[in-house]
Amino acid sequence: MARLVVVSNRVSAPKSVTRAGGLEVAVMAALKRNPGIWFGWSGRLSTGVLATRTTEGDPVSFVLTDLPREAYNEFYYGFANRVLWPILHYRLDLAEFSRQDLSGYTQINEHFADELDELLKPDDVVWVHDYHFLLLAKALRERGHRNRIGFFLHTPFPPVEIITGLPHHERVISALCHYDLCGFQTETDAANFARYIESELRYPGDRRNGYDTGDRIVRVSHFPVGVETESFNKMARRAIKSSFVGGVLSSLSGRAMIIGVDRLDYSKGIQNRLDAFERFLATYPEWRDNVTYLQITPKSRSEIPEYMQMENSVTSTVGRVNGQYGEASWTPIRYVNRAHTRTALAGLYRAARAALVTPLRDGMNLVAKEYVAAQDAEDPGVLILSRFAGAAMECKPALLVNPYDTEAVASAIHRALTMPLDERRARHNALYDIISKNDIDTWPGRFLSVLTGAPTLDAAGAASVSPPRPMMLSSRRASSQ
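Below is a summary of the structure that appears in this document. Numbering of residues starts from 1 in every chain and runs along the sequence as written. With the structure being a predicted model, the display of local features is reserved for residues of pLDDT at least 70 and the display and counting of side-chain atom pairs for 80 or more, all residues being used for whole-chain, interface and lining totals. The side-chain figures draw on all heavy atoms in the structure; neither hydrogens nor water molecules are used.

What follows covers the sheet that holds strand E14 (residues 354-357). As summarised here, the arrangement of the six strands in space is E13-E12-E11-E14-E15-E16, forming an open sheet in which the pairing is parallel. The outermost strands of the open sheet, each flanked by one partner alone, are strand E13 (333-336) and strand E16 (399-401). Strand after strand, the sheet turns through a mean of 20° between neighbouring axes, direction not considered. Strand pairing is assigned whenever DSSP identifies at least 2 bridges connecting the two strands. Helix and strand definitions follow DSSP, with helices as H or I runs of at least four residues and strands as E runs of at least two, each counted in order from the N terminus. One ladder, built from six bridges, connects strand E11 (residues 256-261) with strand E12 (residues 291-296); its direction is parallel. If you follow Val261 over to E12, its bridge partner there is Ile296. Strand contacts of helix H12 (residues 342-351): E11 and E12, with the helix running at about 135° to E11, the strand carrying the most contacts. Angles run from 0 to 180 degrees between N-to-C directions of axes, and those axes are lines fitted to C-alpha atoms, restricted for helices to the stretch in contact. Contact criterion: two residues are considered in contact whenever any of their non-hydrogen atoms come within 4.5 Å of each other.

Let's shift gears to the environment of Glu110. Structurally, Glu110 can be placed in helix H3 (residues 99-119). Residues Glu110 and Phe133, 23 residues apart in the sequence, show an inter-C-alpha distance of 9.7 Å. Other than its neighbours up to four places away in sequence, Glu110 contacts Ala139, Glu142 and Arg143.

Read from one edge of the open sheet, 10 strands run E3-E4-E2-E1-E5-E6-E7-E10-E9-E8, paired in mixed fashion. Bordering the open sheet on either side are strand E3 (52-56) and strand E8 (205-206), each of which pairs with just one other strand. With four bridges connecting them, strand E7 (residues 181-184) and strand E10 (residues 217-222) associate as parallel partners. Along E10, the bridge assignment pairs Leu181 with Arg219. Of the strands in this sheet, E7, strand E9 (210-212) and E10 are in contact with helix H7 (residues 187-201), which crosses E10 at around 150°.

It is worth spelling out helix H11 (residues 305-325) at this point. Any helix carries an expected span of 1.5 Å times its number of residues minus one. Relative to the 30 Å expected for 21 residues at 1.5 Å per residue, H11 spans 31 Å between its end C-alpha atoms, a close match to the ideal helical length. All buried positions along H11 are accounted for by Glu306, Tyr307, Met310, Glu311, Val314, Thr317, Val318, Val321, Asn322 and Tyr325. Seen end-on, H11 carries its buried residues on one side only, within an arc spanning 135°. The exposed residues of H11 that point more than 90 degrees off its buried face are Gln309, Asn312 and Gly323. Exposure categories follow from relative accessible area, calculated using a 1.4 Å probe and restricted to protein chains: below 20% of the type maximum is buried, above 50% is exposed, and the middle band is partly exposed. Here, the arc refers to the directions that run from the helix axis to the C-beta atoms.

Summarising the element assignment, Leu400 is placed in strand E16. When near neighbours in sequence (up to four residues on either side) are disregarded, Leu400 contacts Leu385, Ala392 and Cys395.

Below, the discussion takes up the side chain of Asn9. As for its placement among the helices and strands, Asn9 is situated in the loop between strand E1 (4-7) and helix H1 (22-33). Sequence-distant contacts of Asn9, that is, excluding residues within four places in its chain, are made with Gly40, Trp41, Tyr72, Phe75, Tyr76, His132 and Phe133.

We now examine the pattern of salt bridges. Salt bridge criterion: a side-chain nitrogen from Lys or Arg within 4 Å of a carboxyl oxygen from Asp or Glu. Per the stated rule, a full pass over the model turns up 29 salt bridges. Where Arg91 meets Asp93, a salt bridge forms, and the shortest distance between an N and an O atom there is 2.8 Å. For Arg91, a relative accessible area of 26% gives the class partly exposed. The residue Lys369 makes a salt bridge to Glu394 at a minimum N-O spacing of 2.6 Å. With a gap of 25 residues between them, Lys369 in helix H13 (residues 366-374) and Glu394 in the loop between strand E15 (382-386) and E16 connect regions that are remote in the sequence.

This part covers the pairing of strand E6 (residues 148-152). A large share of E6 lies buried, amounting to four of its five residues. Note: strand E5 (residues 125-129) against E6, five bridges, orientation parallel. Each bridged residue has a counterpart across the sheet, and for His129 the counterpart in E6 is Phe152. For the crossover from E5 across helix H4 (residues 136-142) to E6, the handedness is right-handed. Of the pairings in the sheet, the one linking E6 to E7 comprises three bridges and is parallel in character. What sits directly across from Phe151, in E7, is Cys182. If the strands point away from the viewer and the path from the first strand over the helix to the second runs clockwise, then the crossover is right-handed.

Turning to helix H14 (residues 406-418), a few remarks are in order. Taking 1.5 Å of rise per residue, the 13 residues of H14 would be expected to cover 18 Å, and the 19 Å separating its terminal C-alpha atoms lies within 8% of that figure. Where H14 is concerned, the buried positions are Val409, Ala410, Ala412, Ile413, His414, Ala416 and Leu417. Buried residues along H14 sit against E11, helix H10 (270-283), E12, E14, E15 and E16.

This paragraph deals with the packing of aromatic side chains. Note on aromatic pairs: each is described by the distance of the centres and the angle between the planes. Two rings belonging to Phe, Tyr or Trp (six-membered ring only in the last case) form a pair when the distance between their centres is within 6.5 Å. Interplanar angles under 30 degrees mark stacking, angles over 60 mark edge-to-face geometry, and anything in between is tilted. In total, this model carries 28 aromatic pairs according to the counting rule given. Centre to centre, the rings of Trp127 and Trp443 are 5.2 Å apart; their planes meet at 40°, and the pair counts as tilted. One end of the pair, Trp127, is in strand E5; the other, Trp443, is in helix H16 (residues 443-453), and 316 residues separate them in sequence. Both residues of the pair, Trp127 and Trp443, count as buried. Among the aromatic residues, those joined into a cluster by ring pairs are Phe39, Trp41, Tyr72, Phe75, Tyr76, Tyr77, Phe79, Phe97, Tyr105, Phe112 and Phe133. Either the NZ atom of lysine or the CZ atom of arginine qualifies as a charge over a ring when it sits within 6 Å of the ring centre and within 35 degrees of the ring normal. Between the NZ or CZ atom of Arg361 and the centre of the ring of Tyr90, over which it lies, the distance is 3.8 Å.

Packing of H13 against helix H15 (residues 421-437) leaves a shortest axis separation of 9 Å and a crossing angle of 115°. Seen from above, H13 lies across H15 with left-handed handedness. Counting all contacts with H13, which are made through Lys369, Val372 and Ala373, the residues of H15 involved are His428, Leu431, Tyr432 and Ile435. Of the residues contributing to the contact of H13 with H15, the split by class is five nonpolar, one polar and one charged. The handedness criterion is simple: a crossing whose near helix is rotated anticlockwise from the far helix by less than a right angle is left-handed, and one whose near helix is rotated clockwise is right-handed. Charged means Asp, Glu, Lys or Arg here, nonpolar means Ala, Val, Leu, Ile, Met, Phe, Trp, Tyr, Cys or Pro, and polar covers whatever is left, Gly included.

Shown next, in the form of structure tokens:
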């Protein structure tokens, strides 16, 4: 009997001051089938004693640890988000490296390893999430743990020519080879990491059989994250009847609605998207006063200068477009910086004639899949999707666009709004079938089956057999500190 121990920076524990965002859906899908522990940051920073405490849930035990304030700032705002985040999104030009930030990043990884050292049993299965913990498996191995430890990266993983631009990449990226399995969103991401192993670390092996580090065989594969397709569709059917969504639709006065939902981040391509919508209004004047673009963009990482500059640029563009094309009775762009519940978003997705999901680079982008899941199959909207989103690897029937090509995105908006019903149905049916087959409920099983059972992988490093029956995992015994 083994426990599943999930590790991430943010944890969506009851009454937690932090939320895990899109990660929450994926992690809870794993723990729903394999009850165990979700370990992560409590949301509290301290300059004194660091407390670790347990909150018992059903079927999950949440183990939350405080973090040292100074090291956390270096870890999170420094190395994680001013070095790793831009480089993983192919933006070497935005990376700002300092040894002090790397020291803080290392210290937090060591702190997590210290706390897990007290928690882990020899047969626990550990699943670590995202770029915050590239060093964690190495730290656990140094403490003597020989557990099966898997890692999943929710962001893209760039080619060798970019990732080697990371200072001390030979220390940071090579640490991933202390995991037994490294999982990625797309085949491209997995292939990029495999190429790094082969060209920089020169471990013998291949994608099919894994790479021999001398201490273990490291396996590399891709596991695209999905959404809870059927239940999200049911949620959308209910939500569109809510007073909130009804109020939004009433305020449109019969106009078509285009929707975009993104964190305020340079990887999301929001500025490019606004420029494309402005070009759309200029090129297709018949749509003026007939369509409203709703962009929901909660702010994030506002302490980082690049994000403050981006916010100023975006709000300036929104004001210019609304000033140039708007009328007393119509505002072309509604720009909202407040987060909304998943239920509210589900209803808005269902009501929208088109969705603009045009990141410049994204690991997956679940908004694209949620939009498809939310649609009315009899009268569906159209997904306009960046070819540089991980979701584009699966969602070929969407209108795939180059987000850097303003004219092409403007043309895609027009095509989406004028697309015949038969074509909209055909595209939606194909997309819905794709995301149903890769539902979030099947995603954890695929990863964990490779981590624990190592089924045969094909030449591209993908699991070629059906996952074995679910692991038998037991809950952590209750404890409090």
